[in-house]
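Reading the structure
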Amino acid sequence: MEKKKICMINLERLIDALSALFTMRSYRIVVGQKQDAWTLRRLLAPDALLPVIVRMAEEQWTSASGPTNFGLSIDYEEDALCGHVLNAVHYAPICIIVLCVDHVFQQLVDQEGAVTIEAMEAYARKVCPMPYSQVVPS
């Protein structure tokens, strides 16, 4: 029996692609009163908002395409911004993730291009009942 090969995307490339999307669309993530302290790349870090954003994108993809997922590896991490860290994306190409993130953010963005943490949290609670969709094969 042939062992299934697991392909992972490079998280730094994903962060670069999402940074480019956010810049192109003028999306700004607003984090409380100290938003100047958070750069876009820091907000998109694997231990910051990246697990939440990619998980919301996965739900968008699943609702549009059926029972397929991104093969996310997300772990609980007490010190992470949202309590979780994204370790890997095994099955989704970056372009699909970026398109899904864009679709989600178009629903969350206000007229000034801002997306609040509260809006993201409300959306995530509505569409993502679990922190991740599957156990990643070892």
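Look up a bit, the structure's there.
1. Notes on the pattern of salt bridges
- Summed over the entire model, instances satisfying the criterion amount to seven salt bridges.
- A salt bridge links arginine 41 to glutamate 12, with the shortest nitrogen-to-oxygen separation between them at 2.6 Å. With a gap of 29 residues between them, arginine 41 in helix α2 (residues 40–43) and glutamate 12 in helix α1 (residues 11–25) connect regions that are remote in the sequence.
- Judged by relative accessible area, glutamate 12 falls into the partly exposed class, the value being 45%.
- Across the pair aspartate 16 and arginine 41 runs a salt bridge, and its minimum N-O distance is 2.6 Å. With aspartate 16 in helix α1 and arginine 41 in helix α2, this residue pair connects regions lying 25 residues apart in the sequence.
- Residue class for aspartate 16 comes out partly exposed when judged on its relative accessible area of 41%.
- The exposure class of arginine 41 is partly exposed, given its relative accessible area of 37%.

Analysis parameters
Residues numbered from 1 in each chain as written. Predicted model: local features only at pLDDT ≥ 70, side-chain atom pairs only at ≥ 80, totals over all residues. Heavy atoms only, no water. Salt bridge = Lys/Arg side-chain N within 4 Å of Asp/Glu carboxyl O. Helix = DSSP H or I, 4+ residues; strand = E, 2+ residues; numbered from the N terminus. Buried < 20%, exposed > 50% of the residue type's maximum accessible area, 1.4 Å probe, protein only.

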